[in-house]
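# A look at the structure
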Amino acid sequence: MLVKVLLGVVALVVVLLIVVATRSPEFHIERSIVIAAPPERSFATVNDFHNWSDWSPWEKMDPNLKKTFAGPASGVGSVYAWAGNDKVGEGRMTLEKAEPPSRVEIKLEFIKPWTATNKVTFTIAPAVGGSKVTWAMDGQKAFGMKAVSLFMDMDKMVGADFDKGLASLKSIVEGAPKPNPAP
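These notes cover the structure that comes with them. What you see is a predicted model, and the numbers here were worked out from it, not measured in a lab.

### Comments concerning unusual backbone geometry
In this structure, the amide linkage connecting Pro-100 to the following residue, Pro-101, adopts the cis form with an omega of -10 degrees. Mapping Pro-101 onto the fold places it in the loop between β4 (90–99) and β5 (103–112). A cis amide bond links Lys-112 with the next residue in sequence, Pro-113, at an omega value of 5 degrees. With respect to the secondary-structure elements, Pro-113 resides in the loop between β5 and β6 (116–127).

Following this line, the structure appears as structure tokens:
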């Protein structure tokens, strides 16, 4: 009887491993919002890591977050590194591409609690009433993350943070002072 139970458990584990192994290693998370401001204002806010503390949902999770900046103040080559509590971990972002006022591409490197490198893209397009800002993240899931994704929906978890961040970004950009008209 014990042998049958053990064989059943082994068979179940093998099936689970096969299911995990056949899951796609790629992921894509994306959220959008319309902001009542021209694309240039949204772009300027995203393109400067110094602004992220105003709207990033993760910065609000750790009031003692340690941040460092390197490279230019904004745009290509600027770097933002952080180390925080268990909710935000440790990592760094490097702004790799900036196409004013429509696109920002960032290399996102997680160091703790796990290591991963993902691509983050902000696209900003004119829209009725202002601009449509789309925040996307693409990357690869290691075997362990593929297994975890059987039980936890990464799109819902991270997507909810994207929604919070975009809502804060909207508030910041729409509340930004408008430039004075030329005399």
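### What about the environment of Asp-62?
Here Asp-62 is to be found in the loop between α3 (52–55) and β2 (66–70). We classify Asp-62 as buried; its relative accessible area is 7%. For the pair Asp-62 and Gly-84, spaced 22 residues apart in the sequence, the C-alpha separation amounts to 6.4 Å. Setting aside its immediate chain neighbours within four residues, Asp-62 contacts Gly-84, Asn-85 and Val-88.

### Concerning helix α2 (residues 39–46)
Most of α2 is tucked away, with 6 of its 8 residues classed as buried. When α2 is considered as a whole, its buried residues turn out to be Pro-39, Arg-41, Ser-42, Phe-43, Thr-45 and Val-46.

### Observations regarding the pairing of strand β1 (residues 26–35)
Here β1 shows one buried face, formed by Phe-27, Ile-29, Arg-31, Ile-33 and Ile-35, and one open face, formed by Glu-26, His-28, Glu-30, Ser-32 and Val-34. Here β1 runs beside strand β7 (residues 130–140); their pairing, made up of 10 bridges, is antiparallel. The residue of β7 that forms the bridge with Arg-31 is Trp-135.

### Re the side chain of Glu-59
With respect to the helices and strands, the residue Glu-59 is situated in the loop between α3 and β2. Looking at Glu-59, the relative accessible area reads 12%, which means it is buried. A polar contact is formed between the side chain of Glu-59 and the side chain of Tyr-80, at a distance of 2.3 Å. Excluding anything up to four places from it in sequence, Glu-59 contacts Trp-52, Ser-53, Leu-65, Lys-67 and Tyr-80.

### Comments concerning helix α5 (residues 154–175)
Taking 1.5 Å per residue, 22 residues should reach 32 Å; α5 reaches 31 Å between its end C-alpha atoms and fits that length. Of all the positions in α5, only Met-154, Val-158, Gly-159, Asp-161, Phe-162, Gly-165, Leu-166, Leu-169 and Val-173 are classed as buried. Along the axis of α5, the buried residues cluster in a sector spanning 155 degrees; they form a single face. Facing away from the buried surface of α5 by more than 90 degrees, the exposed residues are Lys-156, Lys-164 and Gly-175.

### A word on the pattern of salt bridges
Summed over the entire model, instances satisfying the criterion amount to 9 salt bridges. As a salt-bridge pair, Lys-67 and Glu-59 come within 3.2 Å of each other at their nearest N and O atoms. Here Glu-105 makes a salt bridge to Lys-119, at a shortest N to O gap of 3.7 Å. Here the residue Glu-105 occupies a position in strand β5, and Lys-119 occupies one in strand β6, the gap between them amounting to 14 residues. Relative accessible area serves as the criterion here: at 12%, Glu-105 is assigned to the buried category.

### Comments concerning the environment of Met-137
Along the chain, Met-137 turns up in strand β7. The buried category is assigned to Met-137, whose relative accessible area is 6%. Sequence separation of Met-137 and Lys-107 is 30 residues, and the distance between their C-alpha atoms is 9.8 Å. If we ignore the near neighbours within four places in the chain, the residues touching Met-137 are Phe-27, His-28, Ile-29, Leu-108, Asn-118, Lys-119, Val-120, Val-158 and Phe-162.

Conventions we followed
- Here the residue numbers are simple positions, counted from 1 along each chain's written sequence.
- Owing to the predicted nature of the model, reporting of local features is limited to residues with pLDDT of at least 70; listing and counting of side-chain atom pairs is limited to 80 or more, with chain, interface and lining totals taken over all residues.
- No hydrogens and no water enter the side-chain calculation; it runs on all heavy atoms of the structure.
- Put simply, DSSP marks the helices as runs of H or I at least four residues long and the strands as runs of E at least two long, and each gets a number from the N terminus on.
- When accessible area is computed with a 1.4 Å probe and restricted to protein chains, residues below 20% of their type maximum are described as buried, those above 50% as exposed, and intermediate ones as partly exposed.
- In what follows, residue pairs with any heavy atoms lying within 4.5 Å of each other are defined as contacts.
- Two strands make a pair as long as DSSP finds a minimum of two bridges between them.
- Polar contact is the term for a pair of N or O atoms within 3.5 Å; when the atoms are in protein, one must be able to donate a hydrogen and the other to accept it, and sequence-neighboring residues count only if both atoms are side-chain atoms.
- Expected span, for any helix, means 1.5 Å times one less than how many residues it has.
- Arc definition: it is the arc formed by the directions from the helix axis to the C-beta atoms.
- The salt bridge criterion pairs a side-chain nitrogen of Lys or Arg with a carboxyl oxygen of Asp or Glu, the two atoms within 4 Å.

By themselves, these are just geometric observations and shouldn't be taken as functional.
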